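Coordinate analysis (summary)
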Amino acid sequence: MKTLERSERAAQRAGINDGETTAGDDDGATRALVIVPVLKGQSGPQGAAALALSSEERLEEAVGLAIAIGLDVAFSGTVPLAQIKPAALLGTGKVEEIGAIIAAAGVSVAIVDHPLTPIQQRNLEKAWNAKVLDRTGLILEIFAERALSKEGRLQVELARLTYQKSRLVRSWTHLERQRGGFGFLGGPGETQIEADRRAIGERIDVIKNELAVSERTRRLHRKRRKETDQQIVSLVGYTNAGKSTLFNALSGAGVLAKDMLFATLDPTLRRVEFADGGAFILSDTVGFISDLPTQLIVAFHATLEEILEADLILHVRDIASASSEAQKIEVERVLAEIGIDAAAQATRVIEVWNKSDLLSEDERSAVGKRAENAAHPAVLVSAQTGEGVPELASAIRIRLQAHLRTRDVVVSEADGAFIHWLYENTEVIDRRGREDGSQLFQVRVAPEREHDLDLHIARPGS
């Protein structure tokens, strides 16, 4: 305990604000320190994209990311910076004082929630005698641990290798060694860094080829779904907004749903049927986060294309979070990067204000009124308790069927081919026998199918 108390005093001297000390049980978990550098004049650590989140919210998120990968966070806090130092990001004094905290608390992983150059990362690791991860490195570690499918693992490996390749320049001492040349001309040899970069480049090419095969397969599946008029509803949202819980509530699937950042990564699709007929395909995708690494957006672009193809997008928000508005901005920013303007496509997007069960009665009433009076009305739900889920299902149905026309069609009972066509190409609402032995179908049909329907009706004997 004395050691921890001395470390706390060292933390105060280093200017680490709003920090926490968690001694924790000695369960063998790797101990970590999490710091969020904050430049003077900024509310967040990383410029325009991060300004939406306060430094306290950013710290809470960074700690959540560390916990998500199984680290025991011994210390966390914000570090005020007058300016960024090229050598180690932080000034010499702060580097030494934080190093004293790390040594005293037995910390072996230091997380700096800010982009680090290869030189900064190397210098901090030498000064602190600990593994150092910046925000991008930490998120890549989480993705590497959570990806389960073959394609997911390939996407994460591609992102990690792209990130690693950019950090080979003067990163490590062993990369400065040279190996002897070979062949007829000999020559000065090849540096280790060149060999590593070439090996990474070759592996990247292999992964891209494998992912191209997966992308073609997914494109074929999307084409088949379109041909059968299966409408797609995609869930998007900030990580930990409750997408997987809502996915389970709507589909009855047993997808992993935990109160944890990036609990699930691999995309999941399920067929969901409405109680009174009709169905759609529900798609869950990876959660977004502020400053999502560019490498990951590129690597997961094929997966995110599922959202582009969706007929309807459910933007799931944690309405109980103080950062809800900031998280909305980040999600819409990532959507814009893949070609979806959420504001301009309001008829294609439904905002789902989730976690209403975490609100007090007064808060729920106020939020409910906001949802009703919003420029684009939202649906207030609790995926955990099921409150509001039936209303959401109704809103989904109304949106999906807004472009459909209802038609009454009389079919001879003997015309099995036409009856089969109706079930395959329209939504059959009702079917009744008539006195003359024919069948009266009430169907919903998409505009692009109406011409074919009219041709069937006009056939002799129909």
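The structure presented is a predicted model; accordingly, all values stated were derived computationally and were not measured. (Residues numbered from 1 in each chain as written. Predicted model: local features only at pLDDT ≥ 70, side-chain atom pairs only at ≥ 80, totals over all residues. Heavy atoms only, no water.)

A word on the overall build of the protein chain. Summing up its helical and strand segments, the protein chain has 15 helices and 16 strands in all. Counting all 462 residues of the protein chain, 50% fall into the buried class. Contacts spanning at least 24 positions in sequence make up 69% of the contacts within the protein chain whose residues lie at least 6 apart. Of the roughly 22,500 Å² of accessible surface on the protein chain, 51% is carried by carbon and sulfur atoms. (Helix = DSSP H or I, 4+ residues; strand = E, 2+ residues; numbered from the N terminus. Buried < 20%, exposed > 50% of the residue type's maximum accessible area, 1.4 Å probe, protein only. Contact = heavy atoms within 4.5 Å. Areas by Shrake-Rupley, 256 points an atom, 1.4 Å probe, with all protein chains shown as cover.)

Attention shifts here to the UniProt feature "binding site: Mg(2+)" (unreviewed entry) in the protein chain. Per the UniProt annotation, the sites labelled "binding site: Mg(2+)" (unreviewed entry) are Ser244 and Thr264. Tracing the chain through its elements places serine 244 in helix α8 (residues 243–251). Classification of serine 244 by relative accessible area gives buried; the value is 9%. (UniProt positions renumbered as here; feature names shortened; annotations may be inferred.)

What follows deals with the side chain of aspartate 415. Relative to the helices and strands, aspartate 415 resides in the loop between β14 (405–411) and α14 (416–425). A relative accessible area of 13% places aspartate 415 in the buried class. Polar contacts involving the side chain of aspartate 415 include one to the main-chain amide nitrogen of phenylalanine 418, which spans 3.3 Å. (Polar contact = N/O pair within 3.5 Å; in protein donor to acceptor, adjacent residues only side chain to side chain.)

Pairing is antiparallel across the open sheet formed by three strands, whose spatial order is β14-β16-β15. At either end of the open sheet lies a strand with only one pairing partner, and these are β14 and β15 (427–433). On average, adjacent strands in this sheet sit at an angle of 20° to one another, irrespective of strand direction. Pairing between β15 and strand β16 (residues 439–445): six bridges, direction antiparallel. Looking at β16, one finds that aspartate 430 is bridged to glutamine 442. (Pairing = 2+ DSSP bridges. Axes fitted to C-alpha atoms, helices over the stretch in contact; angles between N-to-C directions.)

Okay, the packing of α8 against helix α13 (residues 389–400) next. How two helices pack is summed up by the angle between their axes together with the distance between the axes. Viewed as axis vectors pointing N to C, α8 and α13 meet at an angle of 80°, and their least axial separation amounts to 10 Å. In terms of their interaxial angle, α8 and α13 are classed as roughly perpendicular. Within the contact between the two elements, α8 uses Leu246, Ala249 and Leu250 and α13 uses Val389, Leu392 and Ile396. Grouping the amino acids of the contact of α8 with α13 by side-chain chemistry returns six nonpolar, no polar and no charged. (Parallel < 35°, antiparallel > 145°, perpendicular 65-115°, else oblique. Nonpolar A, V, L, I, M, F, W, Y, C, P; charged D, E, K, R; others polar.)

Along the chain, valine 156 turns up in helix α6 (residues 150–165). Placed 13 residues apart in sequence, valine 156 and phenylalanine 143 show a C-alpha to C-alpha distance of 6.3 Å.

With a phi close to 50°, asparagine 129 is a non-glycine residue in the positive phi region. Within the secondary structure, asparagine 129 sits in the loop between α4 (118–128) and β5 (131–134). With relative accessibility at 72%, the residue asparagine 129 sits in the exposed group. Unlike most non-glycine residues, asparagine 240 shows phi in positive territory, near 75°.

Note that serine 251 resides in helix α8. Between the alpha carbons of serine 251 and leucine 269 there is a distance of 9.5 Å; along the sequence they are 18 residues apart. Sequence-distant contacts of serine 251, defined by excluding residues within four places in its chain, comprise Arg270, Val272 and Leu282. A distance of 2.6 Å separates the side chain of serine 251 from the backbone oxygen of phenylalanine 247, its partner in a polar contact.

The end-to-end C-alpha distance of helix α3 (residues 92–105) is 20 Å, a good match for the 20 Å that 14 residues give at a rise of 1.5 Å each. When α3 is considered as a whole, its buried residues turn out to be Val95, Ile98, Gly99, Ile101, Ile102 and Ala105. Viewed end-on, α3 has its buried residues packed into an arc of 160°, placing them on one side of the element. Structural note: α3 exposes Thr92, Glu96 and Ala103 on the side pointing more than 90 degrees away from its buried face. (Expected span 1.5 Å × (residues − 1). Arc of directions from axis to C-beta.)

The next subject is the pairing of strand β12 (residues 349–354). The buried count for β12 comes to six of six residues, which makes it a mostly enclosed element. Neither face of β12 is exposed, since Val349, Glu351 and Trp353 on one face and Ile350, Val352 and Asn354 on the opposite face are all buried. Handedness of the crossover joining strand β11 (residues 312–318) and β12 through helix α11 (residues 324–337) is recorded here as right-handed. Where β12 lies against strand β13 (residues 379–380), two bridges are found, and the strand directions are parallel. From the neighbouring strand, tryptophan 353 faces β13, where its bridge partner is leucine 380. (Right-handed = clockwise from strand over helix to strand, strands pointing away.)

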